[in-house]
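Structural features, examined
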Amino acid sequence: MRTIAIINLKGGVAKTTSSINIAYILTQRGYKVLLVDNDKQGDCSRGLNRRTQDGDGIDRIMVDRHPDMDNLIHHTDYANLDIITANLGLLTANTEVIKDPIRPQQDRLKKALQQVSDKYDFCVVDNAPDINVSVINALTAANDVLIPVEVDDNTLEGMDELLNQITVVREELNPGLKNIHCFITKYQKFNQAHLQGAEIIEERYPTMKTKIRFSGVVARSTFMRVPVALHSPRSAAAEDYGILVNEYLDMIGGKE
Ligand SMILES: Nc1ncnc2c1ncn2[C@@H]1O[C@H](COP(=O)(O)OP(=O)(O)O)[C@@H](O)[C@H]1O
Ligand SMILES: [Mg+2]
């Protein structure tokens, strides 16, 4: 199983939209995928109609020594796409984790995922706009990091900080972390600021070639709780997510 962490310190940059659509499109390419909602807001779980109660999601993975993965993994409405949910229980769970003086705190997700690594080809982890112990767990478990970036006035705010943190995790905790790439989301090519902003990002950071264009239907598909790649497969955003997944698969040379 190859694990992709979708991360940005900023909210609203399309982390959840990207996680859901990348995961869904990977299933369309014939892979078995586990989606992990690693944000206490539970948007990813809601997006796939799988909200759960506190104590029935990733919070268990953070606190239990032997999390019961069979119980924590739920099927979704889509073939070959399963999910581990998140809810506000993750807040208390993380407080418990950082008070735990005995067990290591950063490798709990990695260890839990190892239990099911032969059942899936890919794991996609959606994260909170934060660097907390949950996000560090995602980075410790990941092979690849994809950073959705929305071009706006303060796009680059937090980017260097995030990349520093990723480097520290790679050096201290996860030498297996391979690819770290940004990709541009909600892109409007007729917007001069977007054109220039995208150039700056591409100059400064390793960036995927594919940009995800802005599509009005994304908001609607989010509201309908259906991946836009299924809801409106011909929309610009859905097409771009398909191309992004191809670019990603080329980059890693197919799955391991
Ligand atoms: N390509 C896109 N075109 C238009 N709207 C988008 C696109 N991607 C995401 N959005 C919208 O942007 C908002 C934030 O997206 P979301 O995935 O929840 O971000 P995050 O998880 O980073 O907070 C949502 O309302 C979503 O519908
Ligand atoms: Mg989100």
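Residues numbered from 1 in each chain as written. Chains lettered and ligands numbered in written order. Predicted model: local features only at pLDDT ≥ 70, side-chain atom pairs only at ≥ 80, totals over all residues. Heavy atoms only, no water.

Going by what an unreviewed UniProt entry lists, the protein chain is known as Sporulation initiation inhibitor protein Soj and is assigned to Blautia luti.

Between its terminal C-alpha atoms helix α8 (residues 159-172) stretches 20 Å, which fits the 20 Å expected from 14 residues at 1.5 Å a residue. Along its buried surface, α8 packs onto α7 (133-141), β6 (144-150) and β7 (179-185). (Helix = DSSP H or I, 4+ residues; strand = E, 2+ residues; numbered from the N terminus. Expected span 1.5 Å × (residues − 1). Contact = heavy atoms within 4.5 Å.)

A full pass over the atoms with the stated rule returns 3 aromatic pairs. A ring pair is formed by Y31 and F122, whose centres lie 5.0 Å apart and whose planes are at 85°; its orientation type is edge-to-face. Taken as a pair, Y31 in the loop between α1 (15-28) and β2 (33-38) and F122 in strand β5 (residues 122-127) lie far apart in primary sequence, 91 residues in all. Like Y31, the residue F122 is buried in the burial classification. (Phe/Tyr/Trp six-rings, centres within 6.5 Å; stacked < 30°, edge-to-face > 60°. Buried < 20%, exposed > 50% of the residue type's maximum accessible area, 1.4 Å probe, protein only.)

All right, on to the environment of T27 then. By the element assignment, T27 lies in helix α1. You can call T27 buried: its relative accessible area is 9%. Placed 52 residues apart in sequence, T27 and A79 show a C-alpha to C-alpha distance of 7.4 Å. A distance of 2.5 Å separates a polar atom in the side chain of T27 from the backbone oxygen of Y24. (Polar contact = N/O pair within 3.5 Å; in protein donor to acceptor, adjacent residues only side chain to side chain.)

With that out of the way, let us pick up the site of ligand 1. G12, K15, T16, T17 and S215 are the nearest of the 16 residues found near ligand 1. For ligand 1, an oxygen atom lies 2.9 Å from a polar atom in the side chain of K186. Between T222 and ligand 1, the recorded distance is 3.2 Å, taken from a side-chain N or O atom to an oxygen atom. For ligand 1, the protein covers 81% of the area, taking 570 Å² as the surface of the free molecule. Counting residues per element, the ones that place at least two in the shell around ligand 1 are α1 and α10 (217-224). A class-by-class count of the residues in the shell around ligand 1 yields 7 nonpolar, 6 polar and 3 charged. (Near = heavy atom within 4 Å. Areas by Shrake-Rupley, 256 points an atom, 1.4 Å probe, with all protein chains shown as cover. Nonpolar A, V, L, I, M, F, W, Y, C, P; charged D, E, K, R; others polar.)

Turning our attention to the sheet that holds β7. Ordered by their spatial adjacency, 7 strands build an open sheet running β3-β4-β2-β5-β1-β6-β7, and the pairing between neighbours is mixed. At either end of the open sheet lies a strand with only one pairing partner, and these are β3 (73-75) and β7. Going from strand to strand, the sheet's axes swing by 25° on average, the running direction of each strand aside. For β2 and strand β4 (residues 81-84), the ladder comprises 4 bridges, and the chain directions are parallel. When the sheet's bridge partners are listed, L34 is paired in β4 with D82. Across the sheet, α8 is in contact with β6 and β7; its angle to β6 comes to roughly 175°. (Pairing = 2+ DSSP bridges. Axes fitted to C-alpha atoms, helices over the stretch in contact; angles between N-to-C directions.)

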